[in-house]
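Breakdown of the fold
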Amino acid sequence: MKISTVKGMNEYSPNEVLIRDYLQNVILTTYQSFGFQKISTPIMEDIENLENSEGGENLKLLFKVLKRGDKLEKEISDGSFENLSDLGLRYDLTLPLCRYIANNRFKLPSPFRCIQIDRVYRAERPQKGRLREFVQCDIDIIGTDSCNAEIELITTTAKALQEIGIRDFIVKINNRRLLNTLLLSLGFTKEQLEGVCISFDKMSKIGTGRVKTELLEKGCDEEAITRFMNFLSNMPISLSTIREICGENEDIRSLETIITSCSRLSNGEYRMEFDLSLVRGQSYYTGAVFEIVSDDWNGSIAGGGRYDNLIGKFTNEVIPAVGFSIGFERIYQMLIENNYQIPNKKKRLAILYKKEAIVEALEEATKYQQNFDVVLYEEKSNVRKQISKIKTQGCDAYVLINQSEGMVFFSEEVKED
């Protein structure tokens, strides 16, 4: 039997789990303080739902689950190899949320402010920063098309990041609908918009030259490409420049409201920035898209946007929705690399007792559990050697049952509360 973890998935030590749980709890508590409510959905979804979710490149990374028993045997015998799977592991938390809303919408408040903190799965090629199993921390507002929802999400997410110690970040924002309007004005056709956006989204990685090549390969009009390249030569583009080309419209006004409002609410602790090149990969985004980046934290640490049409795939009605997701694994890994310690963590107290004194030991433990995490150890013959070992295992102090010395701290700097 193999003892190593499956490739692309991690296991965590007790101390690592403490840190992960602490960070998730801080994020959860912050979300809840803004009135969001937590739900939980299954890790598996119907394969038809997943494949029709407009998840962009993520759809190539689905973990599919084979049918079972007679159903599987029938598909194989019929040669229907494209129908071998009926389920799949969720690749994000947005599709399960949309299904949940469709299934429960008449029982939920509107707008519904939702929290999801859970594991998702993608068949990535494992490498640093890319796992096959990872945690996402999402908040979504369902049921309003007002840009006030974007303002709430950005402010709440920024506050959660600040609470776990992230500083000096930039919130970048764009609008997919506004970008489409611009591209149409430059000469691209409506049918070409998705392909242009996919290539444009990669510009920061592949450069404008490669974007131009891809657009030519996709059969876009050369004059439209030339106009687009000339336009991009003046990056960064301001909203005023967009207004000169596209005219005054609601998407520009909405972006200006979001940027102005969030800038005021930031109290100068983070910046808002319009970024035309921000596209985000999922084709289900219909309006504002946003991302939080930090040079100190190696790029993007959160992202999201408005997806007003996705729930309608289940309900055949328009239900507006917008969400923001924190990249928990990236933040966790960087905190660990910087020797992160949980602030104000309860001290760990060891109680050593004779084998026959277990009742007294547990009674003694209850006296300390409000201020300490208490762990019991049955005394060994060489108790002094045992105490030295306990110290290396993370305990801050110890008590010997039925000994007069009381609590003993390993460090004189550690004081009893």
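Predicted model, so just to flag it, every value in this text is computed and none were measured.

**With respect to a nonpolar patch on the surface**
Taken together, the side chains of Ile 358, Val 359 and Leu 362 make up a nonpolar region of the molecular surface, amounting to roughly 250 Å² of accessible area. Among the secondary structure elements, Leu 362 is positioned in helix α14 (residues 358–368).

**Comments concerning the packing of helix α1 (residues 14–33) against helix α5 (residues 148–163)**
Packed helices, taken two at a time, are described by the angle between their axes plus the distance between the axes. Running from N to C, α1 and α5 point in directions that differ by 145 degrees, and their axes come no closer than 9 Å. Regarding α1 and α5, the two cross each other, and that crossing is right-handed. Of α5, the residues touching α1 (which contributes Val 26, Ile 27, Thr 30 and Tyr 31) are Thr 156, Lys 159, Ala 160 and Glu 163. Tallied by class, the residues present in the contact of α1 with α5 amount to four nonpolar, two polar and two charged.

**Remarks on the sheet that holds strand β2 (residues 44–46)**
In space, the three strands of this open sheet follow the order β2-β4-β3, with antiparallel pairing throughout. Among the strands making up the open sheet, the edge pair consists of β2 and β3 (64–66). Taking each pair of neighbouring strands and ignoring which way they run, the sheet shows an average axis angle of 40 degrees. As judged from the three bridges shared by β3 and strand β4 (residues 85–89), these two strands associate in the antiparallel manner. Considered in β4, the bridge of Leu 66 is made with Ser 85.

**Digging into the confidence of the model for the protein chain**
When pLDDT is averaged along the protein chain, the result is 91, and 98% of the positions lie at 70 or above. A low-confidence stretch, residues 413–417 (pLDDT under 50), is modelled with eight contacts involving residues beyond four sequence positions or located in other chains.

**Observations regarding the pairing of strand β6 (residues 133–142)**
By the criterion of burial, β6 is predominantly enclosed, with 10 of the 10 residues buried. The alternating pattern of β6 places Glu 133, Val 135, Cys 137, Ile 139 and Ile 141 and Phe 134, Gln 136, Asp 138, Asp 140 and Ile 142 on opposite faces, both of which are buried. By the bridge criterion, six bridges tie β6 to strand β11 (residues 321–326) in an arrangement that is antiparallel. When the sheet's bridge partners are listed, Ile 142 is paired in β11 with Ala 321.

**Quick look at the pattern of salt bridges**
Between side chains of opposite charge, a pair can form as their charged atoms come close. Scanning the entire structure with this criterion turns up 30 salt bridges. Ionic pairing is found between Arg 68 and Asp 86, a salt bridge with its closest N-O pair at 2.8 Å. Pair noted here: Arg 68 is in the loop between β3 and α3 (69–77) and Asp 86 is in strand β4, with a separation of 18 residues, a long-range link. Judged by relative accessible area, which is 46%, Arg 68 ranks as partly exposed. For the salt bridge of Glu 152 with Arg 113, the shortest nitrogen-to-oxygen distance reads 2.8 Å. Linking Glu 152 in helix α5 with Arg 113 in strand β5 (residues 112–121), this pair joins segments that are 39 residues apart in sequence. On the accessibility criterion, Glu 152 (27% relative accessible area) is partly exposed.

**With respect to the state of the cysteines**
The tally for this structure, following the rule as stated, stands at zero disulfides. Between Cys 98, a free cysteine, and Cys 114, which holds the nearest cysteine sulfur, the sulfur-to-sulfur gap is 10 Å. Accessibility expressed as a relative area gives 0% for Cys 98, which makes it buried. Free cysteine: Cys 147, not disulfide-bonded; nearest cysteine sulfur from Cys 262 at 9.2 Å. Since its relative accessible area comes to 17%, Cys 147 is described here as buried.

**Considering the packing of helix α6 (residues 176–185) against helix α7 (residues 193–201)**
Relative to each other, α6 and α7 sit at 110 degrees, their axes nearing to 11 Å. In terms of axis orientation, α6 runs roughly perpendicular to α7. Contact residues: α6 offers Arg 176, Leu 179, Asn 180, Leu 183 and Leu 184, while α7 offers Leu 193, Val 196, Cys 197 and Phe 200. Residue classes in the contact of α6 with α7 are distributed as seven nonpolar, one polar and one charged.

**Considerations on the side chain of Glu 133**
Tracing the backbone through its elements, the reader meets Glu 133 in strand β6. On the accessibility criterion, Glu 133 (15% relative accessible area) is buried. Within the local environment of Glu 133, its side chain forms a polar contact with the side chain of Arg 119, the two groups lying 3.3 Å apart. At 2.9 Å, the side chain of Glu 133 forms a polar contact with the side chain of Tyr 121.

**Points about the side chain of Gln 386**
Relative to the helices and strands, Gln 386 resides in helix α15 (residues 383–392). Overall, the relative accessible area of 8% leaves Gln 386 in the buried class. One polar contact links the side chain of Gln 386 to the main-chain carbonyl oxygen of Glu 378, over a distance of 3.1 Å. With sequence-adjacent residues up to four places away left out, Gln 386 is seen in contact with Leu 352, Tyr 377, Glu 378, Glu 379 and Lys 380.

Cut-offs applied
- Residues numbered from 1 in each chain as written.
- Predicted model: local features only at pLDDT ≥ 70, side-chain atom pairs only at ≥ 80, totals over all residues.
- Heavy atoms only, no water.
- Patch = residues over 30% accessible without salt bridge, like charges linked within 9 Å, V, L, I, M, F, W, Y side chains within 5 Å.
- Areas by Shrake-Rupley, 256 points an atom, 1.4 Å probe, with all protein chains shown as cover.
- Salt bridge = Lys/Arg side-chain N within 4 Å of Asp/Glu carboxyl O.
- Helix = DSSP H or I, 4+ residues; strand = E, 2+ residues; numbered from the N terminus.
- Axes fitted to C-alpha atoms, helices over the stretch in contact; angles between N-to-C directions.
- Left-handed = near helix turned anticlockwise from the far one by under 90°.
- Contact = heavy atoms within 4.5 Å.
- Nonpolar A, V, L, I, M, F, W, Y, C, P; charged D, E, K, R; others polar.
- Pairing = 2+ DSSP bridges.
- pLDDT = per-residue confidence, 0-100.
- Buried < 20%, exposed > 50% of the residue type's maximum accessible area, 1.4 Å probe, protein only.
- Disulfide = S-S within 2.5 Å.
- Parallel < 35°, antiparallel > 145°, perpendicular 65-115°, else oblique.
- Polar contact = N/O pair within 3.5 Å; in protein donor to acceptor, adjacent residues only side chain to side chain.

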